Amino acid sequence: MDGNGRWATARELPRILGHRAGAATVRQIVEGCCEIGISALTLYAFSWENWHRPSQEVRELMELLVEFLTGELDRLRANQIRLQAMGRLDHLPPEVREQLDRVMAATASHRRMILTLALSYGGRQELVDATRKIASLVQAGRLRPEQINEGLIAQHLYLPELPDPDLLIRTSGEQRLSNFLLWQISYCELYVTPTLWPDFTKQELLEAVRAYQHRERRFGNTSAALTNGQPRPTAE
Ligand code: IPE
Ligand code: MG
């Protein structure tokens, strides 16, 4: 969800107002995803690297997050959306943790859509954390190194139940991944738009989904083989 700062700067507003406008977009897009039957939406809300921002901006973002979580529960209930979070959550301020825990518990039984907030999240950090867990199993003699395969690594990521994303939307025209879901996006389709996140609309969400529907996902195979119904390769 990139471009909040530029959106604000272009209007000679403080950056936090760009983040506020971005939060309004989040509401619209969550609703839009629900309406078209998307089963899982993951929002990169605060990266591990974002901790390096000026402390005032970090503080304001955390306050906005608390405000967002507090105000969102009714809407999540009404739409049967389950909220979860991924990242190094122990680094978040206690007020954010409290609200997160409250909203996650209150929405745990909802089944229409899973909304995941990537918070204090980095793809490399997730792989480091998974490696540590796996290494301790090996050290404890509960796992042999030759038993480590793709499935086992996937099981030790932050949210092993969450399916790999099919489509990644990057706003504000940046053509990079910025440490997002590095393991999970190996065959994800990318949609890059110059639109700044506060200007992103349900309409453009539909355009992104339509663009996705025209992609041919070959998973390393050939077009002809896929037409003949050959299965995609299995994980090793
Ligand atoms: C993304 O917008 C929001 C967060 C990282 C929380 P930015 O703040 O990165 O916006 P730009 O890149 O400065 O425009
Ligand atoms: Mg940015």
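Now for a quick tour of the structure.

**Considerations on the sheet that holds strand β3 (residues 113–121)**
Here's step 1: Overall, parallel pairing links the three strands, which are arranged β1-β3-β2 in an open sheet. Each edge of the open sheet carries a strand with a single partner, namely β1 (40–47) and β2 (81–86). Recorded for the sheet is a direction-independent mean angle of 20 degrees between the axes of neighbouring strands.
Here's step 2: Set on the sheet, helix α3 (residues 55–78) makes contact with β1, β2 and β3; between it and β3 the angle comes to about 165 degrees.

**A look at the packing of α3 against helix α4 (residues 94–107)**
Here's step 1: The interhelical angle for the contact between α3 and α4, taken along N-to-C directions, is 15 degrees, at an axis separation of 9 Å. On the basis of the axis angle, α3 is roughly parallel to α4. Taken as a pair, α3 and α4 cross one another with a handedness that is left-handed. On α4, the residues touching Met62, Leu65, Val66, Leu69, Thr70, Leu73, Leu76 and Arg77 of α3 are Glu95, Val96, Gln99, Leu100, Arg102, Val103, Ala106 and Thr107.

**Side note on the environment of Trp7**
Here's step 1: Structurally, Trp7 is set in helix α1 (residues 4–10).
Here's step 2: Not counting residues within four places of it along the chain, the set of residues in contact with Trp7 comprises Leu13, Leu17, Gly18, Ala21, Leu196, Pro198 and Asp199.

**Remarks on the site of ligand 1**
Here's step 1: Near ligand 1 the following residues occur: Met1, Asp2, Gly3, Asn4, Gly5, Arg6, Arg15, His19, Ala45, Asn50, Arg53 and Leu61.
Here's step 2: Asp2 places a side-chain nitrogen or oxygen 2.9 Å from an oxygen atom of ligand 1.
Here's step 3: Residue Arg6 places a side-chain N or O atom 2.7 Å away from an oxygen atom belonging to ligand 1.
Here's step 4: In isolation ligand 1 exposes 380 Å². Once the protein is present, 85% of that is buried.
Here's step 5: Ranked by the residues each element gives to the shell around ligand 1, the list is headed by α1, at three residues.
Here's step 6: Of the residues contributing to the shell around ligand 1, the split by class is three nonpolar, five polar and four charged.

**Some thoughts on the nonpolar core**
Here's step 1: One finds Val30, Leu83, Leu115 and Leu119 to be the most contacted residues of the largest nonpolar core, which totals 32 residues.
Here's step 2: Broken down by secondary-structure element, the contributors of at least two residues to this core are α2 (15–35), β1, α3, β2, α4 and β3.
Here's step 3: With eight residues, α3 is the single largest residue contributor to this core.
Here's step 4: Apart from residues no more than four positions distant in its own chain, Val30 is found in contact with Leu41, Leu43, Ile81, Met113 and Leu115.
Here's step 5: Grouped together as the second largest cluster of nonpolar side chains are twelve residues, Tyr44, Leu159, Leu162 and Cys188 included.

**Let's talk about the pattern of salt bridges**
Here's step 1: Summed over the entire model, instances satisfying the criterion amount to 19 salt bridges.
Here's step 2: Linking Glu72 and Arg27 is a salt bridge whose minimum nitrogen-to-oxygen distance equals 3.0 Å. Of this pair, Glu72 sits in helix α3 while Arg27 is found in helix α2, placing the two residues 45 residues apart along the sequence.
Here's step 3: Classification of Arg27 by relative accessible area gives partly exposed; the value is 29%.
Here's step 4: For Asp74, the salt bridge is made with Arg77, and the minimal N-O distance between the two is 3.9 Å.

**Brief notes about the state of the cysteines**
Here's step 1: Applying the stated rule across the entire model yields zero disulfides.
Here's step 2: The thiol of Cys34 is unpaired, and the distance to the nearest cysteine sulfur, on Cys33, comes to 7.9 Å.
Here's step 3: Its relative accessible area of 5% is what places Cys34 among the buried residues.

Cut-offs applied
- Residues numbered from 1 in each chain as written.
- Chains lettered and ligands numbered in written order.
- Predicted model: local features only at pLDDT ≥ 70, side-chain atom pairs only at ≥ 80, totals over all residues.
- Heavy atoms only, no water.
- Pairing = 2+ DSSP bridges.
- Helix = DSSP H or I, 4+ residues; strand = E, 2+ residues; numbered from the N terminus.
- Axes fitted to C-alpha atoms, helices over the stretch in contact; angles between N-to-C directions.
- Contact = heavy atoms within 4.5 Å.
- Parallel < 35°, antiparallel > 145°, perpendicular 65-115°, else oblique.
- Left-handed = near helix turned anticlockwise from the far one by under 90°.
- Near = heavy atom within 4 Å.
- Polar contact = N/O pair within 3.5 Å; in protein donor to acceptor, adjacent residues only side chain to side chain.
- Areas by Shrake-Rupley, 256 points an atom, 1.4 Å probe, with all protein chains shown as cover.
- Nonpolar A, V, L, I, M, F, W, Y, C, P; charged D, E, K, R; others polar.
- Core = buried A, V, L, I, M, F, W, Y, C linked by side-chain atoms within 4.5 Å.
- Buried < 20%, exposed > 50% of the residue type's maximum accessible area, 1.4 Å probe, protein only.
- Salt bridge = Lys/Arg side-chain N within 4 Å of Asp/Glu carboxyl O.
- Disulfide = S-S within 2.5 Å.

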